[in-house]
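Close look at the chain arrangement
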Amino acid sequence: MSTLVEMSAVRTVLQCPSSIAPSQTPSLCSSIRVSVKVSVFRCSGASPVTVVNGNVDKKPYERNGVRLGLPSKGRMATDTLDLLKDCQLSVKQVNPRQYVAEIPQWKIQPGVLALGCPYVASPLLDLNHCRCSRMNADSGYLTNLEVWFQRPKDVVRKLVSGDLDLGIVGLDTLNEYGQGDEDLILVHEALDYGDCRLSLAIPKYGIFENINSLEELAQMSQWTPERPLRVATGFTYLGPKFMKENGLKHVTFSTADGALEAAPAMGIADAIVDLVSSGTTLRENNLKEIEGGVILESQAVLVASRRSLIQRKGVLDITHEMLERFEAHLRAAGQFTLTANMRGSSADEVAERVLSQTSLSGLQGPTVSPVFCRRDGKVAADYYAIVICVPKKELYKSVQQLRSIGGSGVLVSPLTYIFDEETPRWRQLLSNLGL
Ligand SMILES: Nc1ncnc2c1ncn2[C@@H]1O[C@H](COP(=O)(O)OP(=O)(O)OP(=O)(O)O)[C@@H](O)[C@H]1O
Ligand SMILES: O=P(O)(O)OC[C@H]1O[C@H](OP(=O)(O)OP(=O)(O)O)[C@H](O)[C@@H]1O
Ligand SMILES: [Mg+2]
């Protein structure tokens, strides 16, 4: 006879079970937060055994190297690898069941180490170690970069426990499993994929037919201490927090791992809190979102551990470079480069014409260069080539404006990166860290 209670078990009603004396498991009744991090198992006749998620010894700072956690499965996994690839940071994974990998772009070649490598003069120089290492620009210290594939929720848990330094997950997962932990720092909050929202949804039929807002739901006379509103959700931290913050009394939560949309029709719950993207799953199950019922807008984010950024060698440098690459790529992804020829008397006159159009100002203004040709034995410039960046959404409008001011031969090319002088997010991160 062994397990009596597992606090993080699925399908557990999140109320203090009457069969467990609060004195024996105080954390179960006082805080849902603990239910995610710690499971308590009791064996008959034995004292409680604590099961910790992550490093048991809690000595995360003794390891070497920088660890980046990426989603091992699900819809975030491929998109995350694609983003890194687009930023020239392809991840090399020997096979899909191997959970550790590397980013070859960040390997340092042995020859490159000659300057500043603290090991280079050592007779014990280990070339393999050096090849897989990354130089910290400030200190000349060597740091391994390891990529670890984990389930998204475990990426967050391991950031909290200190077993990972950086991670990419959905904001919903970060907030649900991070639970406002101050050690977690949002480095980039909009990686532009994994878009969805965490929403409260209710049936379209029955007593909910005319209920269209959170306020109307809260005011329904049906909900009493004896018969509360029953909500099914996998978000057992964010769901109750939202209800509490919005003054909904008499609510109970139950949890399940998937197919939550079936719960109301099965009579298990009155409402659900789940992720919505296209809305198809809700619609197909006769459920609707209501006004004021969006708990969180989510997309993929880059997150870091504050302690790691401050204390672990190499984490800040790697974060800086990753942030620069992400920003440069994401900024470019929304833009096209336009090149066109324009007849004119001087570069200034052509620039005047281009700047008179609202869609043609480019990032910092147009580049105007003379196109030289030989006429009557002399070199002259009758045409000017202009180069501008325009938002993808405004492509056609921009082409029309270019034509209206005499532009011809418009070439459109994709942009790969736009590097600014300094990324605002980097400055914000440094100030957040007090650096
Ligand atoms: N329908 C959706 N559309 C877009 N993004 C979504 C959608 N559902 C989830 N996501 C995002 O992708 C992340 C991972 O979701 P995914 O469904 O792959 O894993 P999971 O639900 O944790 O696991 P599983 O579905 O295997 O139980 C979510 O945390 C969220 O950020
Ligand atoms: O609004 P939609 O585009 O229909 O997407 C919403 C569905 O997507 C997710 O489920 P998922 O496919 O991850 O299955 P799961 O329930 O097994 O997690 C989420 O839990 C919803 O059920
Ligand atoms: Mg899912």
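About the cut-offs
Residues numbered from 1 in each chain as written. Chains lettered and ligands numbered in written order. Predicted model: local features only at pLDDT ≥ 70, side-chain atom pairs only at ≥ 80, totals over all residues. Heavy atoms only, no water. UniProt positions renumbered as here; feature names shortened; annotations may be inferred. Near = heavy atom within 4 Å. Polar contact = N/O pair within 3.5 Å; in protein donor to acceptor, adjacent residues only side chain to side chain. Areas by Shrake-Rupley, 256 points an atom, 1.4 Å probe, with all protein chains shown as cover. Helix = DSSP H or I, 4+ residues; strand = E, 2+ residues; numbered from the N terminus. Nonpolar A, V, L, I, M, F, W, Y, C, P; charged D, E, K, R; others polar.

An unreviewed UniProt entry annotates the protein chain as ATP phosphoribosyltransferase originating from Castilleja foliolosa. In its Cofactor (unreviewed entry) section, UniProt records this for the protein chain: "Mg(2+)". In the Sequence similarities (unreviewed entry) part of its UniProt record, the protein chain is described as follows: "Belongs to the ATP phosphoribosyltransferase family. Long subfamily."

**Looking at the site of ligand 2**
The local shell around ligand 2 consists of R75, G258, A259, E261, D274, L275, V276, S277, S278, G279, T280 and T281. Take A259: an N or O atom from its main chain is 3.5 Å from an oxygen atom of ligand 2. Interatomic distance of 2.8 Å between a backbone N/O atom of G279 and an oxygen atom of ligand 2. Considering ligand 2 on its own, with 500 Å² of exposed area, one finds that the protein chains cover 64% of that surface. At the level of elements, β12 (271–276) and α10 (280–284) are the ones that each hand at least two residues to the shell around ligand 2.

**Description of the site of ligand 1**
As a matter of local geometry, ligand 1 sits amid K73, G74, R75, M76, G170, D172, T173, G194, D195, C196, L275 and S277. The separation between a nitrogen atom of ligand 1 and a polar side-chain atom of S277 is 3.3 Å. Protein contact buries 66% of the 610 Å² of open area that ligand 1 shows by itself. Of all the secondary-structure elements, those providing two or more residues to the shell around ligand 1 are α3 (75–86) and α6 (171–178). Grouping the constituent residues of the shell around ligand 1 by class yields 3 nonpolar, 5 polar and 4 charged.

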